[in-house]
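Structural overview for review
So you can see what is in the structure, the chains are spelled out below.
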Amino acid sequence: KYSLISTRPLQISKVTPNQTTIKSSSAVIPVTITVNTLGGANNGVAYCSYNLNNAGKVLMYETGKAQSTQNLNLDPGTYSLDISCADNAANTQTAHTNFTVYSDTLPPLVTRVYSQEDNLNIITDENSTCVSSKTSCNYQFEDGVEMQDISKTQHYTPWDTNSTLYIKCEDAYGNQPIPEGTCSIVVQPYSQK
């Protein structure tokens, strides 16, 4: 005797990364591919494979569940990702997505400086934290006086216009001005005679 059981179609409900950019400060970036499945013969339990940039189909490392994952270390670039999943009743489903991997190894740049009331204001080209010193650029970032944030790219500090400010900015990945002992910007008072 045998029994025939009908099953619902297998569905891929979510794939990550999906149409996004993954940023890191390392030369090789860790990326986790995640595939969520539902329906099918056993409430979404499926075996999933991935094909990255048409390099060939590879069974994901953690699969045979309703969520399959694969950890990869990728070079910067744009990637095409094809996913195929099948359950134990031969229900299949495929999905396709793209994503970009970006390595940020550069410190933030100061794009604008201006004084307003008794403050010196700076704008950076990326989210950052900025500190200042009145002595020189030769100080450790953690020893600087932290500037206040208007937003992640707008910073200000009280400014005595008779003093020179030596400013360093650091981004979310720890990128600071290089070589050590240099500043993002040095702001000097100026009077026109």
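Everything that follows concerns the structure shown earlier in this document.
Residues numbered from 1 in each chain as written. Predicted model: local features only at pLDDT ≥ 70, side-chain atom pairs only at ≥ 80, totals over all residues. Heavy atoms only, no water.

1. Structural notes on the packing of aromatic side chains
Put simply, the test is: In this scheme Phe, Tyr and Trp rings, the latter by its six-membered ring, pair at centre separations within 6.5 Å, and the angle between planes marks the pair as stacked below 30 degrees, edge-to-face above 60, and tilted otherwise. Numbering of helices and strands runs from the N terminus; a helix is a DSSP stretch of H or I covering at least four residues, while a strand is a stretch of E covering at least two. Here the term buried applies to any residue with accessible area under 20% of the maximum for its type, exposed to any over 50%, and partly exposed to those in between, with areas from a 1.4 Å probe on protein chains only. In our convention, an over-ring charge means Lys NZ or Arg CZ found within 6 Å of a ring centre and within 35 degrees of that ring's normal.
Considering all chains together, one arrives at 1 aromatic pair under this definition. Note on tyrosine 79 and phenylalanine 99: the rings are 5.5 Å apart at their centroids and 20° apart in plane angle, and the pair reads as stacked. One end of the pair, tyrosine 79, is in strand S7 (residues 77–86); the other, phenylalanine 99, is in strand S8 (residues 92–103), and 20 residues separate them in sequence. Assigned by exposure class, tyrosine 79 and phenylalanine 99 land together as buried. Lying over the aromatic face of tyrosine 114, arginine 112 brings its terminal NZ or CZ to 4.4 Å of the ring centre. Geometry around tyrosine 139 places lysine 168 over its ring, the cationic atom sitting 4.5 Å from the centre.

2. Points about the pattern of salt bridges
Under the convention used in this document: Note on definitions: salt bridges are taken to be side-chain nitrogens of Lys or Arg within 4 Å of carboxyl oxygens of Asp or Glu.
All told, the structure shown has 1 salt bridge when counted by the stated rule. Between glutamate 62 and lysine 65 there is a salt bridge, with its nearest N and O atoms 3.9 Å apart. With relative accessibility at 37%, the residue glutamate 62 sits in the partly exposed group.

3. Here we look at the sheet that holds strand S4 (residues 47–52)
As a reminder, the rule being used: Two strands make a pair as long as DSSP finds a minimum of two bridges between them.
Strand order in the open sheet formed by 5 strands is S2-S8-S7-S4-S5, and the pairing between neighbours is mixed. Edge positions in the open sheet fall to strand S2 (21–24) and strand S5 (58–59), since each of these has one partner strand only.

4. What to know about unusual backbone geometry
Keep in mind that most residues, glycine aside, have a negative phi and that most peptide bonds are trans. The linkage connecting threonine 16 with the following residue, proline 17, adopts the cis geometry, with an omega of 0°. By secondary structure assignment, the location of proline 17 is in the loop between strand S1 (10–16) and S2. In the segment running from isoleucine 178 into proline 179, the intervening peptide bond is cis, with an omega of 0°. Turning to its location among the elements, proline 179 is positioned in the loop between strand S15 (165–171) and strand S16 (185–187). Here glutamine 19, not a glycine, exhibits a phi torsion of approximately 50°, which is positive. Inspection of the secondary structure puts glutamine 19 in the loop between S1 and S2. Its identity as a non-glycine residue notwithstanding, asparagine 53 has a phi of 55°, on the positive side. Position of asparagine 53 among the secondary structure elements: in the loop between S4 and S5.

5. Focus on the sheet that holds strand S13 (residues 148–149)
As summarised here, the arrangement of the 4 strands in space is S9-S10-S14-S13, forming an open sheet in which the pairing is antiparallel. Only two strands of the sheet have a single partner each, and these edge strands are strand S9 (110–116) and S13. The sheet contact formed by strand S10 (residues 119–124) and strand S14 (residues 154–158) spans 5 bridges and is antiparallel. Paired with isoleucine 122 across the bridge in S14 is histidine 155.

6. Quick look at the nonpolar core
We count it as follows: As used in this record, nonpolar core signifies buried Ala, Val, Leu, Ile, Met, Phe, Trp, Tyr and Cys residues forming a set joined through side-chain atoms within 4.5 Å. Contact between two residues is taken to exist if any of their heavy atoms lie within 4.5 Å; hydrogens are not considered.
Membership of the largest hydrophobic core comes to 21 residues, with the highest contact counts inside it found for Val35, Ile83 and Phe99. Elements with a minimum of two residues in this core: S1, strand S3 (29–39), S4, strand S6 (67–74), S7 and S8. Each residue touching isoleucine 83, except ones within four places of it in the same chain, is listed here: Ile12, Val15, Ile33, Val35, Ser49, Tyr50, Gln93, Thr94 and Ala95. Residues Val110, Ile122, Cys130 and Met147 belong to the second largest nonpolar core, which totals 10 residues.

7. Re the side chain of serine 80
Along the chain, serine 80 turns up in strand S7. Beyond its immediate stretch of four places on either side in the chain, serine 80 contacts Asn51, Leu52, Asn53, His96, Thr97 and Asn98.

Limitation: the analysis is restricted to geometry and does not speak to function.
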